[in-house]
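Notes for the structure review
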Amino acid sequence: MTPPPSAWQDLALHWHAHVDLRASCSRSRRGRRPVAVLFTPQAAAAWLAGTVQRYRSEAVAVQCNTATGPAPSDTESRDSCGDHLLSRGYPLDALILTTSGELYLHLDPLGPRECPYHRPERSEHHASGDNHVL
């Protein structure tokens, strides 16, 4: 069962955002510093949408993948699908194909025991739910 949004802070679930030039797995990304840390599902979805938009002019194609397979193709369904899956603690990835290569975007959900950077004892200053870029 998914906890109500007010319980996210208690669980310390947050998302690490990564931008890579080649495919990687979440386990290998945990050892690397994320480009951003997002503390709500909505902020994580907004980061992904904003990052895709920044590269839109270079993109030949954009493919979003969810934990359960490819996301819907139309923007509204894709956005609500991403919000829904992120709110349930699933990862979300996107692949942007450009004329010069591939760009991989990753949102990895992490709890307090999984995160090497944001253990509960180190995150008191995030009580407001603010996001930050490292």
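Being a predicted model, the structure only gives us computed values, none of them experimental.

Cut-offs used in this document
Residues numbered from 1 in each chain as written. Predicted model: local features only at pLDDT ≥ 70, side-chain atom pairs only at ≥ 80, totals over all residues. Heavy atoms only, no water. Helix = DSSP H or I, 4+ residues; strand = E, 2+ residues; numbered from the N terminus. Buried < 20%, exposed > 50% of the residue type's maximum accessible area, 1.4 Å probe, protein only. Contact = heavy atoms within 4.5 Å. Areas by Shrake-Rupley, 256 points an atom, 1.4 Å probe, with all protein chains shown as cover. Pairing = 2+ DSSP bridges. Polar contact = N/O pair within 3.5 Å; in protein donor to acceptor, adjacent residues only side chain to side chain. pLDDT = per-residue confidence, 0-100. Core = buried A, V, L, I, M, F, W, Y, C linked by side-chain atoms within 4.5 Å. Salt bridge = Lys/Arg side-chain N within 4 Å of Asp/Glu carboxyl O.

Along its length, the protein chain carries four helices and six strands. Going from N to C terminus, the protein chain has its helices and strands arranged as α-β-α-β-α-β-β-α-β-β. Evaluated residue by residue, the protein chain yields a buried proportion of 37% over its 134 residues. Counted over contacts in the protein chain with a minimum sequence separation of 6, partners at least 24 positions apart contribute 67%. Surface summary for the protein chain: the accessible area is close to 7,800 Å², and the carbon and sulfur share equals 52%.

For a regular strand, side-chain orientation follows a simple rule: the groups alternate between the two sheet faces. Of all the seven residues making up strand 1 (residues 14-20), six are buried; the element is thus mostly covered by neighbouring parts of the structure. Alignment of strand 1 against strand 6 (residues 101-110), held across seven bridges, turns out to be antiparallel. Paired with W15 across the bridge in strand 6 is P109. Taken together, the three bridges between strand 1 and strand 2 (residues 36-38) define a ladder with antiparallel strand orientation. Bridged to W15 within strand 2 is L38.

With respect to the element layout, R29 can be found in helix 2 (residues 26-30). We classify R29 as buried; its relative accessible area is 3%. A distance of 2.6 Å separates the side chain of R29 from the backbone oxygen of S24, its partner in a polar contact. Filtering out sequence-adjacent residues up to four positions away, R29 remains in contact with H18, D20, S24, D93, H106 and D108.

Right, let's get into the confidence of the model for the protein chain. Considering every residue of the protein chain, the mean pLDDT works out to 74; 64% of them sit at 70 or more. Contacts from residues 1-10, a stretch scored under 50 in pLDDT, to residues over four places away or in other chains number eleven contacts. Every residue in residues 120-129 scores below 50 in pLDDT, and together they form eleven contacts with partners more than four places removed in sequence or on other chains.

With 19 residues, the main nonpolar core has W15, L38, W47, L48, L86, L105 and L107 as its most contacted residues. Looking at this core, the elements that each hand over two or more residues are strand 1, strand 2, helix 3 (41-55), strand 5 (92-98) and strand 6. The dominant element in this core, judged by the number of residues it contributes, is helix 3, at six residues. Here L48 is in contact with L92, A94, L105 and L107, once residues within four sequence places are set aside.

Here we come to the pattern of salt bridges. One side chain can pair with another of opposite charge once the charged atoms of both are near each other. What the rule picks out here adds up to three salt bridges. Between D20 and R32 there is a salt bridge, and its shortest N-O distance comes to 2.9 Å. Residue D20 is located in strand 1, and its partner R32 is located in the loop between helix 2 and strand 2; the two are separated by twelve residues in the primary sequence. On the basis of relative accessibility, which here comes to 9%, the residue D20 falls in the buried class. Judged by relative accessible area, R32 falls into the partly exposed class, the value being 34%. Note that D108 is salt-bridged to R29, the shortest N-O span being 2.8 Å. Of this pair, D108 sits in strand 6 while R29 is found in helix 2, placing the two residues 79 residues apart along the sequence.

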